[in-house]
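# Observations on the three-dimensional arrangement
So you can see what is in the structure, the chains are spelled out below.
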Amino acid sequence: METITDSLVEYGTRRIIITITAVVCAMLELIDTTIVNVALNDLRGNLGATVNEIGWVITAYSLANVIIVPMTSWLSQQFGRRNYFAFSILIFTICSFLCGNATSIWELVVFRFIQGLGGGALLVTSQTIIAESWPREKRAIAQGIYTLGLIIGPTIGPTLGGYLVDNYSWPLIFYINVPIGIVAALLTLRYIKSPRYEEKRPASQVDWLGIILLTAGVASLQYVLEKGQEDDWFSSKVIIVLTVVAVFGIILFVWRQLEYKYPIVELRVLRDTNLRVGSILTFLIGFGLFGTTFVLPLYTQGLLGWSAFQSGLLLLPGTLFVAVIVYLVSQLIQRGVQAKYLIVLGMAVFFIYGYWSYHLLTLQTGASNLYWVLFVRGLGLGLLYVPVTAMSISTLEGKEIGQGAALTGMLRQLGGAFGVALITTFVSRQSQQHRVALISHLSSTDPAVQERVSLLTLRFQAQGMDVWRARQAAYTVLEGTVQKQSTLLSYMDVFLWIAVLFLICIPFVLIFVKKSARKISLADAGAH
């Protein structure tokens, strides 16, 4: 029998256990969004999959996540938060075991999709559980703890995945979830309570049409973002059809939620200016965090020749630094510092991070140089995450607070998807433009080019090649150098444009964010 109570605040050991359980569950979900990336080559070889087929291992999980996240608040209401959270953990855990035992690519894809349905609930519901388990005067710290999990999860995924794949085998990236998931489910059933906010709706009042429109619209959008570049965007009929489905599905979903008496996602709260701005900023943070986290491993592994494990380790010191910043920012907000000024400062720091990275990246950049710029990244993220959450709900009242927080959770997920999709397309096209520009400066009559080709030809001849093969090898090396430089320049452009994007947003925050008439309650950001 589920425990339903009006008071969810816990103290002592119970609060520690509940907080650790919720943070670990949120991190498991985020780790699994990135841990598979470093094992794709091993999965291809073991399951006999093509490049296009193996991409579905990531796409299936993302599709399931983006479908379930907006409905998490409603599902918690229908089945009780504790029951729904425990059930989601078990689904995630069982499917992790089944993924590790998969014998074919499509078997793995199916299990990854179901795993994503369970995982999406872990991320959003964990925020609610953590926030409501802490007393009001300490809830800024609770939000900071949750924020730390959001930042650490995507960072340690590639590190952990690289270590397990390099030293053991790919099934372990899934099996590692099993013991943690079992313990988390048992602790959930033992310690977590459900609130008495709203009664369960009968089946006749459930917005089934809204669920269908949400699933079709958001899932189609996620697919287009994931596969657009790979399928050459609108050259593909599938992309065209799904773009139309996404546009009409989302428009009709918005209309349905505004018209229906018992909506799945409450959109009317977007009338609040701070929530509208906060939602945009949450989307932007998802774009910046996941976008830069996506580019850095490509740079270090593809151009510097690092292993996945080395690339992951590079991010850890800066991520741990975020823990300190999150704590300090939480204390500042509790003492009455306006969130919008912290957000502006965070955006300025993130601009510095992007601009510095633009000038720092070369084919010879060492880890010692990158560590410092990643500390700046950590400072920027710490200054942005908690204040944006606080600002988003600062002028809302009552039930609107939880409804607004549910929307920002969905937009964070979509921001990451948009970031990766747009950056992938940008890098692909920008590198081609840089390649053309670089080649235009290479002339067969240029003495420097002739000298370079001659030296390379002599080196290959010394290795036993004849003159013709040695010269071809020399041209191949020259082509590879051009390709590396053009790719590097496109990565530099990514950091520059992300920096400019954050800089442009600063005046909008100062103009449109209103001062809260009451003290901000960060816990209410999770009350959904």
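Residues numbered from 1 in each chain as written. Predicted model: local features only at pLDDT ≥ 70, side-chain atom pairs only at ≥ 80, totals over all residues. Heavy atoms only, no water.

Turning our eyes to something else, we now look at the overall build of the protein chain. Assigned secondary structure in the protein chain consists of 18 helices and 2 strands. In the protein chain, which comprises 528 residues, the share counted as buried stands at 55%. Relative to all contacts within the protein chain whose residues are 6 or more apart in sequence, the contacts with residues 24 or more apart total 84%. If you sum the accessible surface of the protein chain, you get close to 22,900 Å²; carbon and sulfur atoms cover 66% of it. (Helix = DSSP H or I, 4+ residues; strand = E, 2+ residues; numbered from the N terminus. Buried < 20%, exposed > 50% of the residue type's maximum accessible area, 1.4 Å probe, protein only. Contact = heavy atoms within 4.5 Å. Areas by Shrake-Rupley, 256 points an atom, 1.4 Å probe, with all protein chains shown as cover.)

What follows is about the confidence of the model for the protein chain. Model confidence for the protein chain is summarised by a mean pLDDT of 76, while 82% of its residues fall at 70 or above. Across the protein chain, the element-wise mean pLDDT spans from 48 in strand 1 (residues 4–5) up to 88 in helix 14 (residues 339–360). Throughout residues 1–5 the model reports pLDDT below 50, and contacts reaching past four residues in sequence, or to other chains, amount to 17 contacts. Here residues 517–528 is a poorly scored stretch, pLDDT under 50, and it has 48 contacts once near neighbours within four places are set aside; other chains count. (pLDDT = per-residue confidence, 0-100.)

Quick look at the nonpolar core now. Generally speaking, nonpolar side chains in soluble globular proteins are found buried as a group. Among the nonpolar cores identified, the biggest contains 99 residues, and L281 and M347 are the most heavily contacted of them. No other element matches helix 15 (residues 367–393), which puts 11 residues into this core. (Core = buried A, V, L, I, M, F, W, Y, C linked by side-chain atoms within 4.5 Å.)

It is worth spelling out the packing of aromatic side chains at this point. This model, assessed by the stated rule, comprises 7 aromatic pairs. For the pair F351 and Y355, a centre-to-centre distance of 5.9 Å together with 15° between the ring planes defines the contact as stacked. Of the two residues, F351 and Y355 both sit in helix 14, 4 residues apart, roughly one turn of that helix. Seen from their ring centres, W372 and F375 are 6.0 Å apart, and the 45° between their planes marks the pair as tilted. Of this pair, W372 and F375 both sit in helix 15, 3 residues apart, which is roughly one turn of the helix. Taken together, the ring pairs in this structure connect F350, Y353, F495 and F502 into an aromatic cluster. (Phe/Tyr/Trp six-rings, centres within 6.5 Å; stacked < 30°, edge-to-face > 60°.)

On the surface, F234, I240, V244, V247, F248, I251, L252 and W255 cluster together into a nonpolar patch covering about 790 Å² of accessible area. Relative to the helices and strands, V244 is located in helix 11 (residues 237–259). (Patch = residues over 30% accessible without salt bridge, like charges linked within 9 Å, V, L, I, M, F, W, Y side chains within 5 Å. Salt bridge = Lys/Arg side-chain N within 4 Å of Asp/Glu carboxyl O.)

Time to look at the packing of helix 12 (residues 273–303) against helix 14. Close contact between helix 12 and helix 14 brings their axes to 13 Å; oriented N to C, the two are set at 25°. Regarding the angle of helix 12 to helix 14, the classification is roughly parallel. Of the two elements, helix 12 crosses helix 14, and the hand of that crossing is left-handed. Note on element contacts: helix 14 touches helix 12 through I343, M347, F350 and Y353, opposite L281, L284, G288, T292 and L296. Taken together, the residues of the contact of helix 12 with helix 14 sort by class into 7 nonpolar, 2 polar and no charged. (Axes fitted to C-alpha atoms, helices over the stretch in contact; angles between N-to-C directions. Parallel < 35°, antiparallel > 145°, perpendicular 65-115°, else oblique. Left-handed = near helix turned anticlockwise from the far one by under 90°. Nonpolar A, V, L, I, M, F, W, Y, C, P; charged D, E, K, R; others polar.)

All right, on to helix 12 then. With 31 residues, helix 12 extends 44 Å between its outermost C-alpha atoms, agreeing within 8% with the 45 Å of an ideal straight helix rising 1.5 Å per residue. Taking burial as the measure, the 31 residues of helix 12 include 23 buried ones, the bulk of the element. G305 sits one or two residues past helix 12 and shows a positive phi near 80°. (Expected span 1.5 Å × (residues − 1).)

What follows covers the packing of helix 5 (residues 81–100) against helix 9 (residues 177–191). Axis separation between helix 5 and helix 9 bottoms out at 9 Å; the angle between their running directions is 165°. When the axes of helix 5 and helix 9 are compared, the pair comes out roughly antiparallel. At the point where helix 5 passes helix 9, the crossing takes the left-handed sense. For the pair helix 5 and helix 9, the contacting residues are R82, F85, A86, I89, L90, F92, T93, S96 and F97 in the first and N177, V178, G181, I182, A184, A185, T188 and L189 in the second. Of the residues belonging to the contact of helix 5 with helix 9, the class tally is 11 nonpolar, 5 polar and 1 charged.

Take the environment of T424 next. Tracing the backbone shows T424 in helix 16 (residues 399–439). Overall, T424 belongs to the partly exposed group, its relative accessible area being 28%.

Counting through the fold element by element, S236 comes out in the loop between helix 10 (208–227) and helix 11. Given the relative accessible area of 13%, S236 is considered buried. Polar side-chain contacts of S236 include one of 3.3 Å to the backbone nitrogen of V238. (Polar contact = N/O pair within 3.5 Å; in protein donor to acceptor, adjacent residues only side chain to side chain.)

Glancing now at the side chain of T300. When you line up the elements, T300 lands in helix 12. Taking the relative accessible area as the measure of exposure, T300 reaches 1% and is therefore buried. Every residue in contact with T300, bar those within four places of it in the chain, is listed here: G305, W306, S311, L314 and L370.

The next point concerns the environment of G302. Positionally, G302 belongs in helix 12. Relative accessible area serves as the criterion here: at 52%, G302 is assigned to the exposed category. Between the C-alpha atoms of G302 and L488, which are 186 residues apart in sequence, the distance is 9.7 Å.

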